[in-house]
Amino acid sequence: PTSTMHPSIETREFVMSAFALSASSVLGASRARLESRRRTPTSTRSRVVRVDAMAAKKVFIDGEAGTTGLQVRDRLAGRDDIEIISLTGDDRKDPAKRAEFLNAADAAILCLPDDAAIEAVAMCTDPDTVIIDASTAHRVAEGWAYGFPELDPEQKQKVASSKRIANPGCYPTGMIALTRPLVDAGYLPKGTGLVVHAVSGYSGGGKQLMAIYQSGEAEPWGAYGFNLKHKHLPEMAEYSALGRKPIFCPSVGSFEQGMVVSVPIHYDQLHETGRSGEAIQKCLEERYAGSKFVSVRPLNKTDDLERGAFLRPDSLNDTNKLELSVFASDEQGQVWLCARLDNLGKGASGAAVQNMNLALGLPEDSGL
């Protein structure tokens, strides 16, 4: 693609304290690492015809010229079971053309700002088209499956059988993965007030923030979200099953890509049956046993940290992996839960492809 159809996802909100994944220009380092999987895109046809179930599935990426859209495209490149159908030039801004392609696709992945995503959903009148929305517009909306297949034992089937899938936010993916199993086990009571800290690479902030950091004029680290109204809060409350929004303290560092989400908990916030590192560790291990993408590191493991002390945020870049850690002190009565992921992988494009695979009946890990 030679031009961007839509502005980056939530660029304004990021700068004003609602940092979320966006559609923006292609990332240099990440793009190079994924380039080996890229092939020349199929030319746009004057008309689009749905094919039978045995042929390649048609996928339309609405907003494919931005960061998330380009990464989705790269993950789909080279697959014989997928045909990407694309709009070019001014056609990207033509509502009639967009509607035609949305309705012709077996799956449409929306890499758009919230308002544009809502508009795209309204354009799609074909009940057989699977829509995967990477914006925040539908994450807690009725009739939409939450696209974190590892949420609970039933969620993967819910995603697979849904025609409307809301891709999770990057920060909530980590927070929910750490807390939902504890709530389900009865260890973490519903309504508990938590504090969630997180740091992400600047790639999640769109063109404006990327330009600032790449100019060398940015601060080395910056906290934001001081209005306590981050757009990820509703899904954190909903899908953690806590029913209460945490105090969320996001930040951005002077690295391009990667993320660590932290949830510290006092033992007196937990039910007495969950007041040990071993109990928490076992709870997470049992929940994610057999998962293709979510893993749980050994309890209190530190010998593989950077210089024996630092948990790097970028170790899982360009993957769809999510790695959970439990650092507990039974003596102090405290536990520090950490989730590490690629904000553009399991936090965006990787999750979108995983959800698309499930909804189209394809192998869950294809392209991942």
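Note that the structure is a prediction, hence the values are computed from the model and not measured. (Residues numbered from 1 in each chain as written. Predicted model: local features only at pLDDT ≥ 70, side-chain atom pairs only at ≥ 80, totals over all residues. Heavy atoms only, no water.)

**Q** Give me the lowdown on helix α3 (residues 67-76), citing residues and values where you can.
**A** Most of α3 sits out of view: 10 of its 10 residues are buried. Among the residues of α3, Thr67, Thr68, Gly69, Leu70, Gln71, Val72, Arg73, Asp74, Arg75 and Leu76 are the ones counted as buried. Downstream of α3 by a residue or two, Gly78 has a phi angle that is positive, lying close to 85°. (Buried < 20%, exposed > 50% of the residue type's maximum accessible area, 1.4 Å probe, protein only. Helix = DSSP H or I, 4+ residues; strand = E, 2+ residues; numbered from the N terminus.)

**Q** Give a description of the layout of surface pockets that names residues and reports values.
**A** Roughly 450 Å³ of internal volume is contained in the largest pocket. Considering the residues around the largest pocket, the lining is formed by 17 residues, among which Val199, Val260, Ser262, Trp336 and Cys338 are closest to the centre. Elements represented by at least two residues in the lining of the largest pocket include exactly β7 (195-201), β9 (247-253), β10 (259-266) and β13 (334-341). (1 Å grid on protein atoms, 1.4 Å probe; cavity = no way out; pocket = protein on both sides within 12 Å on 5 of 7 lines; lining within 4 Å. Points joined across faces, edges and corners; volume = space filled by probe spheres on them.)

**Q** Help me get a handle on the pattern of salt bridges, residues and values and all.
**A** Taken as a whole, this structure holds 19 salt bridges when the rule is applied. Ionic pairing is found between Arg79 and Asp81, a salt bridge with its closest N-O pair at 3.0 Å. The class of Asp81 is partly exposed, set by a relative accessible area of 24%. Residues joined in a network through salt bridges with shared partners are Asp152, Arg180, Asp184 and Arg287. (Salt bridge = Lys/Arg side-chain N within 4 Å of Asp/Glu carboxyl O.)

**Q** Go over helix α5 (residues 114-123) with me, naming the residues and quoting the values.
**A** The complete set of buried residues in α5 reads Asp114, Ala116, Ala117, Ala120, Val121 and Met123. Contacts from the buried residues of α5 go to β1 (57-62), α4 (95-104), β3 (107-110), β4 (130-133) and β6 (164-166). (Contact = heavy atoms within 4.5 Å.)

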